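Below are the chains, spelled out letter by letter.
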Amino acid sequence: MAKFITAREAAELIPDNATVGIAGMGLSGWPEEIACAIRDHFKETGHPCGLNLKQGSAMGDWGFGNQFMGWERNPLPEPDKDHGNRGVTRLGEAGPGLVTKWTSAHIGSAFTLCEFARQNKIETHCLPQGVIINLWREIAAGRPGLITKVGLGTFVDPRVEGGRMNECAQEEVVKLIELDGEEYLFYPSFKCDVALLRGTIADENGNISFAHESVVNEGFEVATAVKNNGGIVIVQVEYLAKKETLNPKEVKIPGKLVDYVVQAKDPKSCWQAEGTYWEPSYSGQIRIPLDSLKPLPFDERKVVCRRCAMELKKGDMINLGVGMPADIARVVAEEGYIDQVTMSTESGMVGGVPSALPSFGSAYNPEAILTPHEMFDLISGGGLDMTCLGIGEVDGDGNNNVSRMGKRLTGPGGFIDITAATPKVIFAGTLMGKAKEKVGNGRLEILEEGTFRKFVEKVGQITFAGQYAPENQEVLYVTERAVFKLIDHKMTLIEIAPGIDLQKDVLDCLGFRPEIAPDLKEMDAAIFQEHWGGLGDYLK
């Protein structure tokens, strides 16, 4: 039976050099109060030290304020001193030494640990999100690891970088193997000593409910992997309940897997997402009228989202990535066709309207909330019709880098898993960085050219490998100025925006010379009008 302890007592239980597993997305599933206690204990005693941190998703706080919350129903309270500092970054606030190894799919929002990684003070690897999440199941079941084609040709491939994000990362965490004459990647299992998890409610027997969580995370898989390997499972919750009062279908981690429960003293340590303490339409308690969500501002970003939405067909199931792609849901909702397609995110949201940053991974009015491993099984098996993901930097081979640009370390998240098996892949972003542009009256005007290129001669890291794209996969690169398509593994310009100069505003802004389609078209002028109303014509 689980023992109920304080956050400080939980911190004292973690041994030096332990491998620690966590689960969640954003701040959903993150045990903030326990993490702060671990930080403080390390500051005071130097222990625990040398931790090896394992996580599947981005878990942190981007620090966005209300300026990014224009369409949310419940905007953030005024930012306080902790805003932007919550999440995994807490483990770096005590200085180097607490965490010395780190494996994750996404590390960008853990600012303190990222800085140590840049300084080569933490051995850091990034692997595909779906791989890490499903690897927990392999570990739990006592299997040797995960075999998959996900990651071939990308920076995760051992022939490229082997997932290493810095020079001090020398461990081999992925191997190239051959089965029946085909190449695969093998991700070996590992032993995990401690699980640090969070739910909403614990009963007196330690059964954990995720009642208010927007993401039904991989906490069960992490807990099972740790427990079956003789480790300890610690779970933070907001509420306690009498035993045998929880609906058994709502128990996501059985009490038999839980060693210790910490009831948080401060509700601020139990936020649903970075931008939301609790939005009941995220977790299924209510359904909201969608006209309560404000439309996107009319600018070049909205043009990109509209052009991406034009690729949808009635009945499609689409995955939306973080950043600009998540706003496609807002365009579809504004056009009144949200019930004609099924939006989804890799966190497990199916249906409804996915939320953008700073609450990415949650969704308003979802029809179903799957666990992440269920969602990645669907994705990796080819269950999506289309995905739209972001552009970091793109080169002439069609490679896209969103994981490491210069000194900025981010990781791939689910990018590699999703693009490996989805038949239609769209990458969305502006053509140049920090350009000043004006849209309206059916045309685009460049007021001031951008200061850095996104379409470059060679990407700094390969997150999507254009040359590994299957022959039957359709790959588009959609910007406000032009649309490119990967044809015979060559970047081909197929559309340009009305009102711009092909040479000056497009070709001169590229670090490579693309092929130009003989039937080069002009982008639909209607999406450059403030009011569109034309999505229905394309959904047919």
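Because the structure is a prediction, the values reported are computed rather than measured.

Calculation rules
- Residues numbered from 1 in each chain as written.
- Predicted model: local features only at pLDDT ≥ 70, side-chain atom pairs only at ≥ 80, totals over all residues.
- Heavy atoms only, no water.
- Helix = DSSP H or I, 4+ residues; strand = E, 2+ residues; numbered from the N terminus.
- Rg over C-alpha atoms; globule rule 2.2 N^0.38 Å.
- Buried < 20%, exposed > 50% of the residue type's maximum accessible area, 1.4 Å probe, protein only.
- Contact = heavy atoms within 4.5 Å.
- Areas by Shrake-Rupley, 256 points an atom, 1.4 Å probe, with all protein chains shown as cover.
- Lys, Arg positive; Asp, Glu negative; His and termini not counted.
- Charge placed at Lys NZ, Arg CZ, Asp CG, Glu CD.
- Pairing = 2+ DSSP bridges.
- Axes fitted to C-alpha atoms, helices over the stretch in contact; angles between N-to-C directions.
- Left-handed = near helix turned anticlockwise from the far one by under 90°.
- Nonpolar A, V, L, I, M, F, W, Y, C, P; charged D, E, K, R; others polar.
- Parallel < 35°, antiparallel > 145°, perpendicular 65-115°, else oblique.
- Disulfide = S-S within 2.5 Å.
- Core = buried A, V, L, I, M, F, W, Y, C linked by side-chain atoms within 4.5 Å.
- Patch = residues over 30% accessible without salt bridge, like charges linked within 9 Å, V, L, I, M, F, W, Y side chains within 5 Å.
- Salt bridge = Lys/Arg side-chain N within 4 Å of Asp/Glu carboxyl O.

**Q** Which residues make up the overall build of the chain, and what values go with them?
**A** The helix and strand tally for the chain stands at eleven helices and 35 strands. At 23 Å, the chain has a C-alpha radius of gyration in line with the 24 Å of a compact globule built from 540 residues. Projected onto the principal axes, the alpha-carbon positions of the chain cover approximately 70 × 50 × 45 Å. Across the 540 residues that make up the chain, the buried fraction comes to 61%. Long-range contacts, defined as pairs at least 24 residues apart, comprise 74% of the intrachain contacts of the chain with a sequence gap of at least 6. Working note: accessible area of the chain is about 20700 Å², and carbon and sulfur atoms make up 49% of it. Averaged over its 55 positive side-chain charges, the chain has a centre that lies 2 Å from the centre of its 75 negative ones.

**Q** Can you lay out helix 7 (residues 328–335) for me, pointing to particular residues and giving the numbers?
**A** For helix 7, the buried fraction is high: six of the eight residues fall into the buried class. Listed as buried for helix 7 are Ile328, Ala329, Arg330, Val331, Val332 and Glu335. Looking at the buried residues of helix 7, the elements they touch are helix 6 (300–309), strand 16 (317–320), strand 17 (342–344), strand 19 (353–354), strand 22 (386–390) and helix 11 (535–539). Following helix 7 by one or two positions, Gly336 has its phi on the positive side, about 85 degrees.

**Q** Could you give an account of the sheet that holds strand 3 (residues 51–54), naming the residues involved and the relevant values?
**A** Taken in spatial order, the eight strands line up as 1-15-12-9-2-3-4-5 in an open sheet, and their pairing is parallel. Edge positions in the sheet fall to strand 1 (3–5) and strand 5 (123–126), since each has one partner strand and no second. Taking the axes of each pair of neighbouring strands and ignoring which way they run, one obtains an average angle of 20 degrees across the sheet. Bridge analysis of strand 12 (residues 232–237) against strand 15 (residues 260–263) gives four bridges, and the strand direction is parallel. Residue Val237 lies in a different strand from strand 15, and its bridge partner there is Gln263. This element, helix 2 (residues 32–45), spans strand 9 (194–198), strand 12 and strand 15 of the sheet and lies at about 120 degrees to strand 12.

**Q** If you had to explain the sheet that holds strand 14 (residues 251–253) to someone new, which residues and values would you point to?
**A** Read from one edge to the other, the open sheet built from four strands follows the order 13-10-11-14, with strand pairing classed as mixed. The sheet is open, and its two edges are formed by strand 13 (239–241) and strand 14, each paired on a single side. Here strand 10 (residues 201–203) pairs with strand 11 (residues 208–209) via two bridges, running antiparallel. Of the residues in strand 11, the one forming a bridge with Ile201 is Ser209.

**Q** Please provide a residue-by-residue account of the packing of helix 4 (residues 129–140) against helix 5 (residues 219–227), values included.
**A** Two numbers describe how helix 4 lies on helix 5: the axes approach to 8 Å, and their chain directions differ by 35 degrees. For the pair helix 4 and helix 5, the sense of crossing is left-handed. Across the interface between the two elements, Trp136, Arg137, Ile139 and Ala140 from helix 4 touch Glu221, Val222, Thr224 and Ala225 from helix 5. Split into classes, the residues belonging to the contact of helix 4 with helix 5 amount to five nonpolar, one polar and two charged.

**Q** Hey, could you go over the packing of helix 6 against helix 7 for me, with residue numbers and the actual values?
**A** Between helix 6 and helix 7, whose axes approach to 9 Å, the crossing angle comes to 75 degrees. With respect to helix 7, the element helix 6 is oriented roughly perpendicular. Contacts between helix 6 and helix 7 involve Lys302, Cys305, Arg306, Cys308 and Ala309 on the former and, on the latter, Ile328, Val331, Val332 and Glu334. Residue composition of the contact of helix 6 with helix 7, grouped by class: six nonpolar, no polar and three charged.

**Q** Describe the state of the cysteines, with residues and values.
**A** As enumerated under the stated definition, the model contains zero disulfides in all. For Cys270, which is in no disulfide, the shortest distance to another cysteine sulfur is to Cys36 and amounts to 11 Å. Cys270 sits in the buried class, given a relative accessible area of 6%. Left unpaired, Cys509 is separated from the closest cysteine sulfur, that of Cys308, by 19 Å.

**Q** Mind laying out the nonpolar core, listing which residues take part and the relevant values?
**A** One finds Val332, Phe427, Phe455, Tyr477 and Phe484 to be the most contacted residues of the largest nonpolar core, which totals 77 residues. Among the elements that line this core, the one with the most residues is helix 6, at five residues. In this structure, Ala11, Tyr187, Val194 and Ile234 belong to the second largest nonpolar core, which totals 76 residues.

**Q** Residues and numbers for unusual backbone geometry, please.
**A** With an omega of -5 degrees, the peptide bond running from His47 to Pro48 counts as cis. Relative to the helices and strands, Pro48 resides in the loop between helix 2 and strand 3. Along the chain, Leu357 connects to Pro358 via a cis peptide bond; the corresponding omega equals 10 degrees. Structurally, Pro358 is set in the loop between strand 19 and strand 20 (363–364). Phi at Lys434 is positive, roughly 65 degrees, even though this residue is not glycine. You can see Lys434 is positioned in the loop between strand 28 (432–433) and strand 29 (436–440).

**Q** Lay out a nonpolar patch on the surface with the relevant residues and their values.
**A** A contiguous nonpolar patch, built from Tyr239, Tyr277 and Trp278 and spanning about 270 Å² of accessible area, is present on the exposed surface. Tracing the chain through its elements places Trp278 in the loop between strand 15 and helix 6. On the basis of relative accessibility, which here comes to 32%, the residue Trp278 falls in the partly exposed class.

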